[in-house]
Amino acid sequence: GRGAEMSSSNAPSSSPAPSHPKRGLGITTQPGSQWREKLERSGARWFYSWGPRAPESTPAGIEFVPMIWGRTGVEMQAKIPEILKQQGSQELLGFNEPDRAAQSDMTVAKALELWPDLMKLGLPLGSPGCAHPDQEWMQAFMKGVAEKNLRVDFITVHTYGGLNVDELMNQLSSVHQAFQRPLWLTEFAVGDWEAKTRADNRYQPAQIVKFIEEALPRLDQCAFVERYAWFPAKPDDSALGPCALFNADGSLTSVGQAYRSV
């Protein structure tokens, strides 16, 4: 993976040892959202916010990774090389869930047509982050990448399954084998997509804590997973509320404490 291990040998005993360099967070950075405090509390070593521009006063020691979210991101491309250069970006994430109408919503043909514009930016480049990284859209995109001799340096994966960590690792392994590149798990959590309200959700935070305690060490040790980022849903979210890292006041939930300290 990218990024060096930090030494914790000379840290005061009261502070937690630095979390694993792979550990990250997707977090929106609106003013007044306490995103800086949340990011620092989370133990994340890197983050992204679904856009190309680093927010002002990013906390020290936490790397920002830019994303070209969709077509509009490419349209502002005249400014993007300068933005990336100024903020010293080291990697770039591709389109966000182009396989979903509610997200960047692109045909495979359109994504392939725009892809050379991302390649020109000269950074290690992550694939589109599909809602279904193992299904038809992504398969067709990567077939097009091979046919047109385009560059994709790592595959970004979104997955919101149940509590079975073996299932998660098997899914990641099959995506890695299919596309023969390292993976970044840029969104993951445990989702109950049938829940109509948070109270209906079949999962409890204590179960999510156990999932994190088992999953993170396996992701940390997995050679083909370069980085991962939990999706920090709001605590009242019907599908993902039990996975929330932060309470409404910005403090860490039990799940947030586990994500920070495992």
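Here, every reference points to the structure presented above.
All residue numbers refer to positions counted from 1 along the written sequence of the respective chain. Totals for whole chains, interfaces and linings use every residue, but because this is a predicted model, local features are given only for residues with pLDDT of at least 70 and side-chain atom pairs only at 80 or more, for both listing and counting. Each side-chain value is derived from all of the structure's non-hydrogen atoms; neither hydrogens nor water enter the calculation.

**Student:** Let's hear about the layout of surface pockets: which residues, and what values?
**Tutor:** The definitions used throughout rest on a 1 Å grid laid over the protein atoms alone, on which a cavity is an enclosed set of points accommodating a 1.4 Å probe that cannot get out and a pocket is an open set flanked by protein within 12 Å on both sides along at least five of seven lines; lining residues are those having an atom within 4 Å of a point. Grid points are joined across faces, edges and corners, and a volume is the space filled by probe spheres set on the points. Put simply, the largest pocket is a space of about 440 Å³. In terms of lining, the largest pocket is formed by 17 residues, of which the most central are Thr28, Lys38, Pro232, Ala233 and Lys234. Asp, Glu, Lys and Arg are counted as charged, while Ala, Val, Leu, Ile, Met, Phe, Trp, Tyr, Cys and Pro are counted as nonpolar; the rest, among them Gly, fall into the polar class. A breakdown of the residues in the lining of the largest pocket according to their chemical character gives 10 nonpolar, five polar and two charged.

**Student:** So what's going on with helix H1 (residues 35–42)? Which residues, and what values?
**Tutor:** An α-helical turn contains 3.6 residues, so any two residues separated by three or four positions project in the same direction. The set of residues buried in H1 consists of Trp35, Lys38, Leu39 and Ser42. Looking straight down H1, one finds its buried side chains confined to an arc of 100°; they lie on one side. Contacts are residue-level and defined by heavy atoms, with any inter-residue pair within 4.5 Å sufficient. Working definition: helices are DSSP H or I runs of at least four residues, strands are E runs of at least two. Numbering for both runs from the N terminus. In this structure, the buried side of H1 is in contact with strand S1 (23–26), strand S2 (46–48) and helix H8 (254–261). In the segment just after H1, Gly43 is the residue with positive phi, at about 80°. Burial classes: relative accessible area under 20% of the type maximum marks a residue as buried, over 50% as exposed, and values in between as partly exposed (1.4 Å probe, protein chains only). The directions considered for the arc run from the helix axis to the C-beta atoms.

**Student:** Just give me the short version of the sheet that holds strand S8 (residues 225–230), but keep the residues and values in it.
**Tutor:** Backbone-to-backbone hydrogen bonds join strands into a sheet, with any given pair of strands oriented parallel or antiparallel. Pairing in this open sheet of six strands is parallel, and the strands run S3-S2-S1-S8-S7-S6 from one edge to the other. In the strand order of this sheet, the two ends are held by strand S3 (63–64) and strand S6 (155–159), each with one partner. A pair of strands counts as paired when DSSP detects no fewer than two bridges linking them. Direction of pairing for S2 relative to S3: parallel, over a ladder of two bridges. Opposite Trp46, over in S3, you have Glu63 as the bridge partner. Against the sheet, helix H6 (residues 165–179) makes contact with S6, strand S7 (183–188) and S8, and its axis sits at roughly 150° relative to S6, the strand it touches most. To get an axis, a line is fitted to the C-alpha atoms, and for a helix only the part in contact is used. The angle between two axes follows their N-to-C directions and goes from 0 to 180 degrees.

**Student:** Talk me through the pattern of salt bridges; I want residue IDs and the actual numbers.
**Tutor:** One speaks of a salt bridge when a side-chain nitrogen belonging to Lys or Arg is within 4 Å of a carboxyl oxygen belonging to Asp or Glu. Within the structure shown, the criterion is met by 11 salt bridges. Here Glu113 makes a salt bridge to Lys110, at a shortest N to O gap of 3.4 Å. A residue pair is termed a helical-turn pair when its members lie 3 or 4 positions apart in one helix, as Glu113 and Lys110 do in helix H4 (residues 108–119) at three residues. For Glu113, a relative accessible area of 53% translates into the label exposed. Assessed through its relative accessible area of 27%, Lys110 is described here as partly exposed. Its salt-bridge partner being Glu194, residue Arg202 comes within 3.5 Å of it at the nearest N-O pair. Overall, the relative accessible area of 62% leaves Glu194 in the exposed class.

**Student:** Residue-level account of H4, with values.
**Tutor:** With 12 residues, H4 should cover 16 Å at 1.5 Å per step; its first-to-last C-alpha distance of 16 Å lies within 8% of that length. Here H4 has its buried residues at Val108, Ala111, Leu112, Leu114, Trp115, Asp117 and Leu118. By this rule the span expected of a helix is its residue count minus one, scaled by 1.5 Å.

**Student:** Give me the lowdown on the packing of H4 against helix H5 (residues 136–147), citing residues and values where you can.
**Tutor:** Helix-helix packing is described using two parameters, namely the angle between the two axes and the distance between the axes. Across the interface, H4 lies against H5 with an axial gap of 10 Å and an inter-helix angle of 40°. In terms of orientation, H4 lies oblique with respect to H5. Considering how the two elements wind past one another, H4 and H5 form a crossing that is right-handed. For the pair H4 and H5, contact is made by Val108, Ala111, Leu112 and Trp115 and by Trp137, Ala140, Phe141, Gly144 and Val145, respectively. Split into classes, the residues belonging to the contact of H4 with H5 amount to eight nonpolar, one polar and no charged. Oblique is the label for every angle not falling under 35 degrees (roughly parallel), over 145 degrees (roughly antiparallel), or within 65 to 115 degrees (roughly perpendicular). The sense of a crossing depends on the near helix, which, turned anticlockwise from the far helix by less than a right angle, makes the crossing left-handed and, turned clockwise, makes it right-handed.

Interpretation in functional terms is not warranted from these geometric data alone.
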